[in-house]
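# Structural features, examined
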Amino acid sequence: MQGYVLPVTDTLDDRIDLRSDTVTLPSPTMRAAMAHAALGDDVYGEDPTVNALERLAAERVGKEAAVLVPSGTMGNLSALLTHCQRGQRVILGNESHIYNYEAGGASALGGLIYHPLPTAADGRIDLDLLADAATRIDDSHFAPPGVICLENTHNRCGGVVLSPDYLAQVRELAQSHGLPLHLDGARIFNAAIALGVPVTALTAHVDTVMFCLSKGLSAPIGSLVAGPADVIARVRRVRKQLGGGMRQAGVIAAAGIVALNEMVDRLAEDHVHARRLAAGLAELPGIQIDLNRVQTNIVRFDLAHPRLSVSEFLAALRTHGILMGSMSSTSIRAVTHYGIEATHIERVISVAAEILA
Ligand SMILES: *Cc1c(COP(=O)(O)O)cnc(C)c1O
(Lines give C-alpha, C1' and ligand atoms only; values in the text may rest on other atoms or scores of the structure.)
Protein backbone atom coordinates (compact mmCIF):
# COMPACT_ATOMS: atom_id res chain seq x y z
CA MET A 1 0.00 0.00 0.00
CA GLN A 2 1.42 3.32 -1.06
CA GLY A 3 1.93 5.91 1.58
CA TYR A 4 1.93 3.45 4.42
CA VAL A 5 4.84 4.04 6.72
CA LEU A 6 5.87 1.43 9.23
CA PRO A 7 6.83 3.17 12.47
CA VAL A 8 10.30 1.95 13.28
CA THR A 9 10.97 3.33 16.74
CA ASP A 10 9.02 3.47 19.93
CA THR A 11 7.49 6.85 20.51
CA LEU A 12 9.57 7.52 23.56
CA ASP A 13 8.44 10.83 24.94
CA ASP A 14 9.17 12.85 28.00
CA ARG A 15 6.03 11.84 29.82
CA ILE A 16 6.29 10.25 33.22
CA ASP A 17 3.51 7.70 32.90
CA LEU A 18 2.50 6.28 36.28
CA ARG A 19 -0.98 5.16 35.23
CA SER A 20 0.02 1.51 35.21
CA ASP A 21 2.94 -0.89 34.87
CA THR A 22 1.22 -2.14 31.70
CA VAL A 23 2.61 0.90 29.85
CA THR A 24 6.11 -0.62 29.97
CA LEU A 25 7.74 -1.19 26.61
CA PRO A 26 9.81 -4.29 25.86
CA SER A 27 13.50 -4.03 26.72
CA PRO A 28 16.10 -4.09 23.91
CA THR A 29 16.93 -7.69 24.89
CA MET A 30 13.27 -8.60 24.47
CA ARG A 31 13.18 -6.96 21.05
CA ALA A 32 16.19 -8.99 19.97
CA ALA A 33 14.77 -12.22 21.39
CA MET A 34 11.48 -11.62 19.57
CA ALA A 35 13.26 -11.02 16.28
CA HIS A 36 15.27 -14.21 16.48
CA ALA A 37 12.81 -16.57 18.19
CA ALA A 38 12.36 -20.09 16.80
CA LEU A 39 8.70 -20.42 15.78
CA GLY A 40 6.06 -23.02 15.01
CA ASP A 41 2.31 -23.46 15.22
CA ASP A 42 1.45 -23.42 18.91
CA VAL A 43 -2.07 -24.80 18.37
CA TYR A 44 -0.24 -27.95 17.18
CA GLY A 45 2.02 -27.61 20.23
CA GLU A 46 4.92 -26.99 17.84
CA ASP A 47 6.20 -23.55 18.81
CA PRO A 48 9.48 -24.31 20.58
CA THR A 49 9.68 -20.87 22.16
CA VAL A 50 6.17 -21.10 23.62
CA ASN A 51 6.94 -24.59 24.89
CA ALA A 52 10.13 -23.31 26.53
CA LEU A 53 8.29 -20.40 28.17
CA GLU A 54 5.52 -22.65 29.48
CA ARG A 55 8.09 -25.05 30.99
CA LEU A 56 10.07 -22.18 32.50
CA ALA A 57 6.95 -20.55 33.92
CA ALA A 58 5.69 -23.80 35.45
CA GLU A 59 9.07 -24.40 37.02
CA ARG A 60 9.31 -20.86 38.42
CA VAL A 61 5.99 -21.10 40.23
CA GLY A 62 6.47 -24.76 41.21
CA LYS A 63 3.64 -26.24 39.18
CA GLU A 64 3.50 -29.21 36.80
CA ALA A 65 2.38 -27.26 33.77
CA ALA A 66 1.58 -23.80 32.46
CA VAL A 67 -0.22 -22.35 29.46
CA LEU A 68 0.40 -19.02 27.73
CA VAL A 69 -2.65 -16.81 27.27
CA PRO A 70 -2.97 -13.43 25.56
CA SER A 71 -4.11 -11.56 28.68
CA GLY A 72 -4.54 -11.91 32.41
CA THR A 73 -8.27 -11.58 31.92
CA MET A 74 -8.35 -14.61 29.63
CA GLY A 75 -6.09 -16.46 32.07
CA ASN A 76 -8.42 -15.89 35.01
CA LEU A 77 -11.50 -16.62 32.91
CA SER A 78 -10.15 -19.85 31.47
CA ALA A 79 -9.12 -21.00 34.95
CA LEU A 80 -12.56 -20.22 36.41
CA LEU A 81 -14.34 -21.95 33.53
CA THR A 82 -12.11 -24.97 34.11
CA HIS A 83 -12.73 -25.13 37.85
CA CYS A 84 -16.50 -24.55 37.74
CA GLN A 85 -19.63 -25.71 35.98
CA ARG A 86 -22.47 -23.41 34.93
CA GLY A 87 -24.54 -22.33 37.89
CA GLN A 88 -21.70 -22.57 40.39
CA ARG A 89 -20.44 -19.71 42.50
CA VAL A 90 -17.07 -17.97 42.20
CA ILE A 91 -16.22 -16.86 45.74
CA LEU A 92 -14.01 -13.78 45.58
CA GLY A 93 -13.34 -10.35 47.07
CA ASN A 94 -15.59 -7.43 46.20
CA GLU A 95 -12.49 -5.35 45.44
CA SER A 96 -10.90 -7.99 43.22
CA HIS A 97 -9.81 -7.39 39.66
CA ILE A 98 -11.83 -10.39 38.50
CA TYR A 99 -15.01 -8.91 39.93
CA ASN A 100 -14.40 -5.27 38.99
CA TYR A 101 -12.35 -5.16 35.82
CA GLU A 102 -12.91 -8.27 33.74
CA ALA A 103 -16.21 -7.31 32.15
CA GLY A 104 -18.14 -9.99 34.04
CA GLY A 105 -16.79 -12.67 31.73
CA ALA A 106 -17.26 -15.64 34.05
CA SER A 107 -20.92 -14.75 34.38
CA ALA A 108 -21.59 -13.47 30.86
CA LEU A 109 -19.75 -16.26 29.05
CA GLY A 110 -19.61 -19.08 31.55
CA GLY A 111 -22.89 -18.98 33.44
CA LEU A 112 -21.02 -18.62 36.74
CA ILE A 113 -22.24 -16.54 39.65
CA TYR A 114 -19.95 -14.09 41.38
CA HIS A 115 -20.19 -14.28 45.14
CA PRO A 116 -18.31 -11.18 46.28
CA LEU A 117 -17.21 -10.92 49.91
CA PRO A 118 -15.97 -7.80 51.73
CA THR A 119 -12.26 -7.16 51.34
CA ALA A 120 -10.18 -5.80 54.23
CA ALA A 121 -7.81 -2.90 53.56
CA ASP A 122 -4.93 -5.40 53.64
CA GLY A 123 -6.42 -7.41 50.77
CA ARG A 124 -7.65 -10.29 52.89
CA ILE A 125 -11.10 -11.80 53.02
CA ASP A 126 -12.25 -12.81 56.49
CA LEU A 127 -11.87 -16.57 56.98
CA ASP A 128 -15.27 -16.98 58.65
CA LEU A 129 -16.97 -15.26 55.73
CA LEU A 130 -15.06 -17.48 53.33
CA ALA A 131 -16.05 -20.59 55.29
CA ASP A 132 -19.70 -19.57 55.21
CA ALA A 133 -19.60 -18.92 51.49
CA ALA A 134 -17.76 -22.19 50.83
CA THR A 135 -20.23 -24.32 52.74
CA ARG A 136 -22.40 -26.50 50.53
CA ILE A 137 -25.99 -26.29 51.57
CA ASP A 138 -27.91 -29.36 50.60
CA ASP A 139 -30.97 -27.54 49.41
CA SER A 140 -32.19 -26.84 45.91
CA HIS A 141 -32.40 -23.10 46.61
CA PHE A 142 -28.67 -22.59 46.65
CA ALA A 143 -26.09 -22.28 43.89
CA PRO A 144 -23.20 -24.55 44.86
CA PRO A 145 -19.73 -23.09 45.42
CA GLY A 146 -17.24 -23.80 42.61
CA VAL A 147 -13.97 -22.04 43.39
CA ILE A 148 -12.33 -19.56 45.76
CA CYS A 149 -10.20 -16.74 44.30
CA LEU A 150 -7.60 -14.55 45.96
CA GLU A 151 -5.52 -11.71 44.53
CA ASN A 152 -1.83 -11.12 45.31
CA THR A 153 -0.64 -8.40 45.13
CA HIS A 154 -4.00 -6.77 45.57
CA ASN A 155 -4.48 -4.08 42.95
CA ARG A 156 -7.42 -2.05 44.27
CA CYS A 157 -6.08 -2.28 47.83
CA GLY A 158 -2.95 -0.48 46.63
CA GLY A 159 -0.60 -3.35 45.83
CA VAL A 160 -0.70 -4.92 49.29
CA VAL A 161 0.70 -8.39 49.76
CA LEU A 162 -1.00 -11.51 51.09
CA SER A 163 1.34 -13.57 53.26
CA PRO A 164 2.15 -17.28 52.80
CA ASP A 165 0.42 -17.91 56.16
CA TYR A 166 -2.85 -16.40 55.02
CA LEU A 167 -2.70 -18.29 51.72
CA ALA A 168 -2.09 -21.52 53.66
CA GLN A 169 -5.11 -20.84 55.84
CA VAL A 170 -7.34 -20.25 52.84
CA ARG A 171 -6.00 -23.35 51.15
CA GLU A 172 -6.86 -25.44 54.18
CA LEU A 173 -10.33 -23.95 54.25
CA ALA A 174 -10.82 -24.56 50.51
CA GLN A 175 -9.62 -28.14 50.80
CA SER A 176 -11.88 -28.85 53.74
CA HIS A 177 -14.81 -27.78 51.55
CA GLY A 178 -13.54 -29.68 48.51
CA LEU A 179 -12.99 -26.47 46.55
CA PRO A 180 -10.10 -25.44 44.30
CA LEU A 181 -8.23 -22.21 45.11
CA HIS A 182 -7.30 -19.92 42.22
CA LEU A 183 -4.85 -17.06 42.65
CA ASP A 184 -5.00 -13.93 40.53
CA GLY A 185 -1.28 -13.37 40.78
CA ALA A 186 -1.00 -10.74 38.04
CA ARG A 187 1.84 -9.27 40.16
CA ILE A 188 2.83 -12.36 42.15
CA PHE A 189 6.55 -11.69 41.65
CA ASN A 190 6.12 -8.25 43.22
CA ALA A 191 4.58 -10.00 46.23
CA ALA A 192 7.46 -12.48 46.51
CA ILE A 193 10.09 -9.73 46.22
CA ALA A 194 8.33 -7.57 48.80
CA LEU A 195 8.14 -10.47 51.26
CA GLY A 196 11.66 -11.67 50.48
CA VAL A 197 10.42 -15.21 49.85
CA PRO A 198 10.66 -17.45 46.79
CA VAL A 199 7.52 -17.10 44.69
CA THR A 200 6.84 -20.79 45.31
CA ALA A 201 6.25 -19.97 49.00
CA LEU A 202 3.11 -18.21 47.74
CA THR A 203 2.07 -20.36 44.79
CA ALA A 204 2.48 -23.64 46.69
CA HIS A 205 -0.81 -22.91 48.46
CA VAL A 206 -3.01 -22.55 45.39
CA ASP A 207 -4.28 -24.98 42.79
CA THR A 208 -3.92 -22.59 39.88
CA VAL A 209 -2.16 -19.26 39.56
CA MET A 210 -2.40 -16.67 36.81
CA PHE A 211 0.43 -14.20 36.45
CA CYS A 212 1.19 -11.47 33.93
CA LEU A 213 4.31 -10.94 31.86
CA SER A 214 2.88 -7.66 30.61
CA LYS A 215 2.89 -5.68 33.86
CA GLY A 216 6.08 -4.88 35.76
CA LEU A 217 7.92 -7.68 33.96
CA SER A 218 7.62 -5.43 30.89
CA ALA A 219 6.84 -7.96 28.17
CA PRO A 220 4.48 -6.55 25.55
CA ILE A 221 1.83 -9.28 25.74
CA GLY A 222 1.09 -12.42 27.68
CA SER A 223 0.08 -14.09 30.90
CA LEU A 224 0.36 -17.66 32.15
CA VAL A 225 -1.91 -20.01 34.00
CA ALA A 226 -0.02 -22.66 35.97
CA GLY A 227 -1.22 -25.67 37.91
CA PRO A 228 -1.50 -29.47 37.81
CA ALA A 229 -0.97 -30.97 34.33
CA ASP A 230 -4.52 -32.34 34.02
CA VAL A 231 -6.05 -29.00 35.02
CA ILE A 232 -3.83 -27.05 32.63
CA ALA A 233 -4.78 -29.42 29.80
CA ARG A 234 -8.40 -28.39 30.42
CA VAL A 235 -7.46 -24.71 30.67
CA ARG A 236 -5.85 -25.14 27.24
CA ARG A 237 -9.14 -26.36 25.80
CA VAL A 238 -11.04 -23.43 27.33
CA ARG A 239 -8.39 -21.05 25.96
CA LYS A 240 -9.19 -22.42 22.50
CA GLN A 241 -12.92 -21.99 23.09
CA LEU A 242 -12.28 -18.36 24.02
CA GLY A 243 -10.29 -17.78 20.85
CA GLY A 244 -6.95 -17.66 22.63
CA GLY A 245 -5.21 -20.39 20.64
CA MET A 246 -2.37 -18.54 18.93
CA ARG A 247 -0.15 -19.71 16.09
CA GLN A 248 3.48 -18.46 15.98
CA ALA A 249 3.12 -17.12 19.52
CA GLY A 250 6.85 -17.61 20.03
CA VAL A 251 7.30 -13.96 19.07
CA ILE A 252 5.46 -13.14 22.28
CA ALA A 253 6.88 -15.97 24.33
CA ALA A 254 10.46 -14.93 23.52
CA ALA A 255 9.89 -11.64 25.34
CA GLY A 256 8.28 -13.59 28.18
CA ILE A 257 11.36 -15.74 28.64
CA VAL A 258 13.49 -12.61 28.89
CA ALA A 259 10.93 -11.18 31.34
CA LEU A 260 11.22 -14.18 33.66
CA ASN A 261 14.99 -14.37 33.39
CA GLU A 262 15.90 -10.69 33.60
CA MET A 263 13.05 -8.58 34.91
CA VAL A 264 11.99 -10.22 38.16
CA ASP A 265 14.76 -9.10 40.51
CA ARG A 266 14.62 -5.50 39.31
CA LEU A 267 11.04 -5.19 40.60
CA ALA A 268 12.69 -4.31 43.93
CA GLU A 269 13.70 -0.96 42.40
CA ASP A 270 10.07 -0.21 41.58
CA HIS A 271 9.19 -0.85 45.21
CA VAL A 272 11.89 1.56 46.42
CA HIS A 273 10.59 4.20 44.01
CA ALA A 274 7.00 3.67 45.16
CA ARG A 275 7.96 4.10 48.80
CA ARG A 276 9.90 7.29 48.03
CA LEU A 277 6.99 8.64 46.00
CA ALA A 278 4.54 7.83 48.79
CA ALA A 279 6.73 9.43 51.45
CA GLY A 280 7.11 12.58 49.34
CA LEU A 281 3.43 12.85 48.51
CA ALA A 282 2.42 12.19 52.13
CA GLU A 283 4.00 15.54 53.10
CA LEU A 284 1.81 17.53 50.73
CA PRO A 285 -1.39 19.38 51.66
CA GLY A 286 -4.59 17.45 50.93
CA ILE A 287 -2.94 14.08 50.34
CA GLN A 288 -3.64 11.13 52.61
CA ILE A 289 -1.63 7.96 52.23
CA ASP A 290 -1.41 4.99 54.53
CA LEU A 291 2.30 4.33 54.18
CA ASN A 292 1.91 0.84 55.65
CA ARG A 293 -0.05 -0.08 52.55
CA VAL A 294 2.72 0.94 50.17
CA GLN A 295 4.29 -2.49 49.98
CA THR A 296 5.06 -2.98 46.29
CA ASN A 297 4.92 -0.83 43.14
CA ILE A 298 1.49 0.76 43.63
CA VAL A 299 0.84 4.01 45.48
CA ARG A 300 -2.82 4.58 46.21
CA PHE A 301 -3.78 7.80 47.92
CA ASP A 302 -6.73 10.03 48.66
CA LEU A 303 -6.95 13.68 47.79
CA ALA A 304 -9.08 16.08 49.83
CA HIS A 305 -7.80 19.51 48.83
CA PRO A 306 -9.49 22.86 49.49
CA ARG A 307 -9.02 23.98 45.87
CA LEU A 308 -8.53 20.93 43.65
CA SER A 309 -10.64 17.86 42.88
CA VAL A 310 -9.02 14.59 41.86
CA SER A 311 -9.68 15.27 38.18
CA GLU A 312 -8.34 18.82 38.41
CA PHE A 313 -5.20 17.61 40.16
CA LEU A 314 -4.68 14.89 37.54
CA ALA A 315 -5.22 17.41 34.73
CA ALA A 316 -2.69 19.77 36.29
CA LEU A 317 -0.14 16.96 36.57
CA ARG A 318 -0.79 16.08 32.95
CA THR A 319 0.13 19.58 31.77
CA HIS A 320 3.54 18.84 33.29
CA GLY A 321 3.75 15.52 31.44
CA ILE A 322 2.92 13.43 34.52
CA LEU A 323 0.19 10.81 34.27
CA MET A 324 -1.60 9.06 37.14
CA GLY A 325 -4.97 7.30 37.23
CA SER A 326 -8.09 8.00 39.25
CA MET A 327 -9.56 5.10 41.22
CA SER A 328 -12.64 7.01 42.40
CA SER A 329 -13.72 10.63 42.85
CA THR A 330 -11.43 10.84 45.89
CA SER A 331 -8.67 8.40 45.16
CA ILE A 332 -5.64 8.21 42.85
CA ARG A 333 -3.26 5.45 41.79
CA ALA A 334 0.36 5.80 40.73
CA VAL A 335 2.33 2.75 39.63
CA THR A 336 6.12 2.55 39.34
CA HIS A 337 7.78 0.36 36.72
CA TYR A 338 10.67 -0.30 34.35
CA GLY A 339 11.69 3.03 32.81
CA ILE A 340 10.77 5.09 35.86
CA GLU A 341 13.91 6.28 37.62
CA ALA A 342 14.60 8.01 40.92
CA THR A 343 14.92 11.37 39.14
CA HIS A 344 11.40 10.96 37.73
CA ILE A 345 10.06 10.34 41.21
CA GLU A 346 11.72 13.50 42.56
CA ARG A 347 10.24 15.49 39.69
CA VAL A 348 6.75 14.11 40.36
CA ILE A 349 6.99 15.05 44.03
CA SER A 350 8.15 18.59 43.29
CA VAL A 351 5.53 19.18 40.58
CA ALA A 352 2.79 17.83 42.85
CA ALA A 353 4.05 20.12 45.63
CA GLU A 354 3.84 23.12 43.28
CA ILE A 355 0.30 22.24 42.18
CA LEU A 356 -1.03 21.65 45.68
CA ALA A 357 0.74 24.59 47.37
C1 LIG B 1 -3.81 -6.47 35.09
C2 LIG B 1 -4.46 -7.41 35.99
C3 LIG B 1 -5.10 -8.57 35.51
C4 LIG B 1 -5.17 -8.96 34.06
O5 LIG B 1 -5.20 -7.95 33.19
P6 LIG B 1 -5.06 -8.00 31.60
O7 LIG B 1 -5.06 -6.57 31.31
O8 LIG B 1 -6.23 -8.73 31.08
O9 LIG B 1 -3.78 -8.68 31.24
C10 LIG B 1 -5.67 -9.41 36.42
N11 LIG B 1 -5.61 -9.17 37.73
C12 LIG B 1 -4.99 -8.10 38.23
C13 LIG B 1 -4.93 -7.92 39.71
C14 LIG B 1 -4.42 -7.17 37.39
O15 LIG B 1 -3.82 -6.09 37.90
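Here the structure is a predicted model, which means the values were calculated and not measured.

## As for the packing of aromatic side chains
- By the definition in use, this model includes two aromatic pairs.
- Ring centres of Tyr-99 and Tyr-114 lie 5.8 Å apart, and the angle between their planes is 65 degrees; this geometry places the pair in the edge-to-face category. Within this pair, whereas Tyr-99 is found in helix H4 (residues 97–101), its partner Tyr-114 is found in strand S4 (residues 113–117), the two being separated by 15 residues in sequence.

## Section: the domain arrangement of the protein chain
- Segmenting the protein chain into domains produces domain 1 (16–20 + 266–356) and domain 2 (28–262).
- Inter-centroid distance (C-alpha atoms) of domain 1 to domain 2 is 28 Å.
- The partner domain 2 presents 20 residues to the 14 residues of domain 1 that form the contact.
- In this assembly, domain 1 packs against domain 2 so that about 1500 Å² is buried in total across both faces, 53% of it on carbon and sulfur atoms.
- Between the two partners, domain 1 and domain 2, sit zero salt bridges.
- Run the count over domain 1 and domain 2 and you get six residue pairs in polar contact (both at pLDDT 80 or more).
- Listed by contribution, the elements that provide at least two residues to the side of domain 1 that touches domain 2 are helix H12 (267–282) and strand S10 (298–303).
- Ranked by residue count, the leading element in the side of domain 1 that touches domain 2 is H12, at three residues.
- Considered class by class, the residues forming the side of domain 1 that touches domain 2 number five nonpolar, five polar and four charged.

## Side note on the site of the ligand
- Surrounding the ligand, one finds 13 residues, the nearest of these being Gly-72, Thr-73, Asp-184, Arg-187 and Lys-215.
- Between Asn-155 and the ligand, the recorded distance is 3.4 Å, taken from a side-chain N or O atom to an oxygen atom.
- At 2.6 Å, a side-chain N or O of Asp-184 approaches a nitrogen atom of the ligand.
- Protein contacts shield 85% of the accessible area of the ligand, which totals 380 Å² for the unbound molecule.
- Among the elements that make up the shell around the ligand, the one with the highest residue count is helix H3 (residues 72–83) (three residues).
- For the shell around the ligand, the per-class residue count stands at two nonpolar, six polar and five charged.

Rules used in this analysis
- Residues numbered from 1 in each chain as written.
- Predicted model: local features only at pLDDT ≥ 70, side-chain atom pairs only at ≥ 80, totals over all residues.
- Heavy atoms only, no water.
- Phe/Tyr/Trp six-rings, centres within 6.5 Å; stacked < 30°, edge-to-face > 60°.
- Helix = DSSP H or I, 4+ residues; strand = E, 2+ residues; numbered from the N terminus.
- Domains from an automatic or database assignment.
- Contact = heavy atoms within 4.5 Å.
- Buried area = accessible area lost by both parts, 1.4 Å probe.
- Salt bridge = Lys/Arg side-chain N within 4 Å of Asp/Glu carboxyl O.
- Polar contact = N/O pair within 3.5 Å; in protein donor to acceptor, adjacent residues only side chain to side chain.
- Nonpolar A, V, L, I, M, F, W, Y, C, P; charged D, E, K, R; others polar.
- Near = heavy atom within 4 Å.
- Areas by Shrake-Rupley, 256 points an atom, 1.4 Å probe, with all protein chains shown as cover.

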